Amino acid sequence: MSGGIRLRPTMLSDLDFVISVEQDPANRPFITPWDRTQHEGAIRFPDFRHFIVEAGPGYPSAGFVILQGCRNPHRSIELKRIVLSPACQGQGAGRACIRVLAQMAFRDLRAHRFWLDVKGLNTRAQALYRSEGFIEEGRLRESVKTDDGYDALVVMAMLDREHAAMHEGRSGHADHPA
């Protein structure tokens, strides 16, 4: 992906784009869409961080991400949602987002634990999360209804010391104490 990625805070004027990406038939099997009011709340409520992902030359809008638990007293922050437009998938934008979000969670928000859940059928995302240091903690069997039955949610997480060790391995030095 030429030009990399950047995140900017989502504005209310971005919500038509957010909902269109979420409702895209290519994305629907992998997420549980929110309505506009839920996104508005995530933009306004301080416990959330809602961002537009801008990627590629000129940084057009490519998707969105939501962090939840930013004020959690246990310092456990959830990657609530990451959704990219189908045209941007498979080009490294998702991996770049995960790296930026992990750094934000651990360095800026001082998280101890950064976690997510992912549908069991979304094996591509699970492989990405594993390759970025997330560890599977468990499965909530048949916990979400799908068009043709039920799917599991796979809970995955990374701790601050695991992120620091991984980052140290990539860069040759640690920039965040464990």
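Residues numbered from 1 in each chain as written. Predicted model: local features only at pLDDT ≥ 70, side-chain atom pairs only at ≥ 80, totals over all residues. Heavy atoms only, no water.

Novice: Break down unusual backbone geometry for me, with residues and values.
Specialist: Notably, Tyr59 is not glycine yet its phi reads approximately 50°, a positive angle. Along the chain, the position of Tyr59 falls in the loop between strand S2 (48-55) and strand S3 (61-68). Judged by relative accessible area, which is 27%, Tyr59 ranks as partly exposed. Even without being glycine, Arg110 reaches a positive phi, approximately 60°. Among the secondary structure elements, Arg110 is positioned in the loop between helix H3 (93-108) and strand S5 (113-119). The exposure class assigned to Arg110 is partly exposed, which follows from its relative accessible area of 45%. (Helix = DSSP H or I, 4+ residues; strand = E, 2+ residues; numbered from the N terminus. Buried < 20%, exposed > 50% of the residue type's maximum accessible area, 1.4 Å probe, protein only.)

Novice: Pulling in residues and values, what's your account of the packing of helix H1 (residues 15-23) against helix H2 (residues 36-44)?
Specialist: Closest axis-to-axis distance for the H1/H2 pair is 11 Å, and the angle between their directions is 125°. Here H1 is positioned oblique relative to H2, judged by the angle of their axes. Between H1 and H2 the crossing geometry is right-handed. Across the interface between the two elements, Leu15, Asp16, Val18, Ile19 and Glu22 from H1 touch Arg36, His39, Glu40 and Ile43 from H2. (Axes fitted to C-alpha atoms, helices over the stretch in contact; angles between N-to-C directions. Parallel < 35°, antiparallel > 145°, perpendicular 65-115°, else oblique. Left-handed = near helix turned anticlockwise from the far one by under 90°. Contact = heavy atoms within 4.5 Å.)

Novice: Residue-level account of the confidence of the model for the protein chain, with values.
Specialist: Overall, the predicted model of the protein chain reaches an average pLDDT of 92, with 94% of residues at or above 70. Averaged over each element, pLDDT in the protein chain is lowest for helix H5 (residues 160-171) (87) and highest for S5 (98). For the stretch residues 174-178, pLDDT sits under 50, and the model shows 10 contacts to residues farther than four places along the chain or on other chains. (pLDDT = per-residue confidence, 0-100.)

Novice: A description of the pairing of S5 should follow, citing residues and the corresponding values.
Specialist: Sheet topology places strand S4 (residues 76-84) next to S5; three bridges connect them, and they run parallel. Pairing of Ile77 across the sheet is with Phe114, part of S5. As defined by bridge partners, S5 adjoins strand S7 (residues 149-159) across seven bridges and the pair is classed as antiparallel. Note on S7: the bridge partner recorded for Asp117 is Val155. (Pairing = 2+ DSSP bridges.)

Novice: Give me the sheet that holds S2: which residues, what numbers.
Specialist: Strand order in the open sheet made by the seven strands is S1-S2-S3-S4-S5-S7-S6, with mixed pairing throughout. Two strands in the sheet have a free side with no partner beyond their single neighbour: strand S1 (5-9) and strand S6 (135-146). Averaged over all adjacent pairs, the angle separating strand axes in this sheet is 30°, with direction ignored. Note that S1 and S2 share five bridges and pair antiparallel. Note that in S2 the partner of Ile5 across the bridge is Ala55. Relative to the sheet, H2 contacts S2 and S3, its axis offset from that of S2 by approximately 100°.

Novice: How would you sum up the nonpolar core? Please name residues and give values.
Specialist: Leu7, Leu67, Phe114, Tyr129 and Phe134 are the most contacted members of the largest nonpolar core, which totals 33 residues. Secondary structure elements with two or more residues in this core: S1, S2, S3, S4, H3, S5, helix H4 (123-131) and S7. Per-element tally for this core: the top contributor is H3, with eight residues. (Core = buried A, V, L, I, M, F, W, Y, C linked by side-chain atoms within 4.5 Å.)

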